[in-house]
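Secondary and tertiary structure notes
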Amino acid sequence: MRMGRPPKRRRDAKQSQQTQTANKPKFASPTLVVGQISPDVVSSILGPAMTDLAVQSVEDYADAVLAYEHVNQFTAEKGEEEDKEVEVQVEMDLDGNILQQQQTSPLPPPPSSQRLFSSQLDIENLTELLTSTSQHFSHTTNSWKVHANAAKFERLLDEKYGRLRPFIESHPNVEIFIKNVQRKYAMGAFSPFRKSDSPPVGKTTSIMILFMMHRNGVRMDALLLAATFFLVGLQPWALVGLVIIGKWEMDRRKRKRIGGMPKKIATVEAYFASALDANLSEEEEVKAKYALLDTPVGTKFNPADLSLRDEEYDVIVLGSGPETLYAAALLARAGKKLVVLSPRDDVSGCVTLGDKSSSVLGKKIPFDIDGMNVAQLSRQQELLAPALCTTTDTQGGIRFSRIGSNLDGYAHSILSVPGLGTDNTSAECVPVVLNATGSLASLAEYCSTCLGDGFPGVDLDGKDNGNSNSLSYLRACNQINAGSADYYLSKLYNAKESNAYQEASVRTASAFLNKCLPLNTHVRSLMAAIGMMNENLCPDKTSMAAHVTNICAMTSEEGVAYPVGGPRAICHALTSVIEQCGGRVVAGVSLQELLFEKLDEKKETKKKTNGEENDPLKGPKPKCKGIRLRLRPFQRIVFLAIRLLLRFLLLIQFLKQQLLQTHTSHDPTPTLFNDAR
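Since we're looking at a predicted model, the values are computed, not measured. (Residues numbered from 1 in each chain as written. Predicted model: local features only at pLDDT ≥ 70, side-chain atom pairs only at ≥ 80, totals over all residues. Heavy atoms only, no water.)

Here we have four strands laid out as an open sheet, ordered S3-S13-S5-S4, and parallel in their pairing. Every other strand in the sheet has two partners, leaving strand S3 (299–300) and strand S4 (315–318) as the edge strands with one partner each. Bridge analysis of S4 against strand S5 (residues 338–342) gives four bridges, and the strand direction is parallel. When the bridges of S5 are listed, Val 315 appears paired with Leu 338. Contacts from helix H12 (residues 322–333) reach S4, S5 and strand S13 (584–587), with the element oriented near 170 degrees to S5. Sitting on the sheet, helix H21 (residues 566–580) is in contact with S3, S5 and S13, with an inclination near 125 degrees to S13. (Pairing = 2+ DSSP bridges. Helix = DSSP H or I, 4+ residues; strand = E, 2+ residues; numbered from the N terminus. Contact = heavy atoms within 4.5 Å. Axes fitted to C-alpha atoms, helices over the stretch in contact; angles between N-to-C directions.)

Let us now look at the nonpolar core. Core analysis: the biggest nonpolar cluster contains 34 residues, and Val 432, Leu 443, Tyr 473, Leu 526, Met 527 and Ile 530 have the highest contact counts within it. Per element, the largest residue contribution to this core is seven residues, and it comes from helix H20 (residues 544–554). Setting aside its immediate chain neighbours within four residues, Met 527 contacts Leu 443, Cys 447, Ser 470, Tyr 473, Leu 474, Leu 513, Leu 517, His 547 and Ile 551. Grouped together as the second largest cluster of nonpolar side chains are 33 residues, Val 268, Met 372, Cys 571 and Ile 578 included. (Core = buried A, V, L, I, M, F, W, Y, C linked by side-chain atoms within 4.5 Å. Buried < 20%, exposed > 50% of the residue type's maximum accessible area, 1.4 Å probe, protein only.)

All right, on to the layout of surface pockets then. Approximately 840 Å³ is the volume found for the second largest pocket. Taken together, the elements giving at least two residues each to the lining of the second largest pocket come down to helix H11 (307–310), S4, S5 and strand S15 (624–630). The element that contributes the greatest number of residues to the lining of the second largest pocket is S15, accounting for six residues. By residue class, the composition of the lining of the second largest pocket is 16 nonpolar, one polar and 10 charged. (1 Å grid on protein atoms, 1.4 Å probe; cavity = no way out; pocket = protein on both sides within 12 Å on 5 of 7 lines; lining within 4 Å. Points joined across faces, edges and corners; volume = space filled by probe spheres on them. Nonpolar A, V, L, I, M, F, W, Y, C, P; charged D, E, K, R; others polar.)

With that settled, the discussion passes to helix H15 (residues 469–481). For H15, built from 13 residues, the straight-helix expectation of 18 Å at 1.5 Å per residue is met to within 8% by its first-to-last C-alpha distance of 18 Å. Residues of H15 that are buried include every one of Ser 470, Leu 471, Tyr 473, Leu 474, Cys 477, Ile 480 and Asn 481, and no others. (Expected span 1.5 Å × (residues − 1).)

Read across the open sheet, the three strands follow the order S8-S12-S9; overall the sheet is antiparallel. Unpaired on one side and paired on the other, strand S8 (374–375) and strand S9 (400–402) mark the two borders of the sheet. As paired elements, S9 and strand S12 (residues 560–563) share three bridges and run antiparallel to each other. The residue bridging Ser 401 from the neighbouring strand is Tyr 562, located in S12.

If you want it as structure tokens, here you go:
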């Protein structure tokens, strides 16, 4: 007998043993302990289940084979007995053809052997496969995990790089670079905005810089970029990217075609190509060209031709001369269907002097009323090329000849200003010759020698160190005239940008002359005469822009040129381009009035409510839909006669239709039956 308390028994010991035996799974491995998960899933769960399915499949296949053999044997025995005892009955028609014959039932198909498990050998192979798989995954070294990780890595490489996988494997540095880029991107290193809260420049300083940029005339797009950099905190590389994208977008919009303009401009032939023949000699070609220049430009207006009234045009151009035809040729090249209407008999504006009996050498001589002298020839040829270019020549066969010769320095103009270079106000003057050889320097030297102006000196470095007011004035005019092209383009596109030439266009020439040349009246008179040569106006009534343009043209180093063949040659070339592009040039047309479309009532009421009724420059503009011509007395008589003749023909046709209708109403029978009777 032992002293002390007996050992305490655990209440759940027996219960746990019962639960282990009671809850033991059906297919459990000998080493399985209830409450633990066996790592060998293949041998404990999948193996027994797949083995039972394989055994069941083999047994089903064996039963099907036995049943098929039994049925086949029974059918064979039954067939032999029927052949011995039973006669086959048939039905035949009168010709001896068999109508019906007793047929035997077909045999059932044999069981298919295309099964996964059909014999004991298949079960043994399955057992062996499960055993090897179980040993592979339950091995203590866990080598299967290495193979699984390798297979996963290969799959990830294929998903990540695809076709570039061989290149990445052969160049491991590329993979390292890609990973670094991905890591930096995940950390936000490529964000277009700076991470630091404090900008590089303070807000007050940034606003002051932007205000100074605005006061100095910086463009709005540059101001927006500067604001995004200073205030928003844009990265430098992002700012450069925005500049590149903006520049590309602007270039793309400039290259964009205007609505209706074709992709390719139509090619045309030279204006004299139709008048020449391949078999003509050189003298005959020259005569043919001269004969073409003798003919007026344009087609004579014929009131009997109703095609001009019936056709619809995109553009109607009114006027005459090279300027009108040049604008029409550009529109025709751009794909517009147009017609040029000129009140003159010759659209070129030239007038033919005399007839064959009184003209020189028995020929009519066309001469130019308006001045056709061309200054700054290289620039003018660049402007003429889009309208005149043909398949063989960029100038369409038009050539220019410089006025003057090399001996006189290609002198083109002689000015005679009363009182110039003299001390009295009489009509006596010193003539001034304008030429192309060193025009600015020679004119400044003339002003210094004859008119008492300062001398235009030049130092060793080529810089001007003289005190010539005339030379400074001429250079200022050239600087102002450099923005003339931008000014006229801004007028076309309604741009609001201003330059020096635009400011000069709203001032008079006299104010500019008095401010720049206040002391020497002779130099001021000479500059006024050069700037007013083609204006026929006083300086106080002439725009400063026209004055500056004339001075730059008269003092150009290229001199002045004149088209070979006169303005009629240029007009013939432009007319040929218009007609080959589908347009028309009609001469001798008198315009009576322009026809406009009526505006909508809603637009009219809106215009009145906005107070724009008395201001014609504001509000909606009416659209011109056509013109009304003024006919000459003879043309009006011819037009009325043609109109009456057409109405008479329509009346006769109407009466014939009425007579036919009355005849058919009295005699409803067709004419074919009447002839048959």
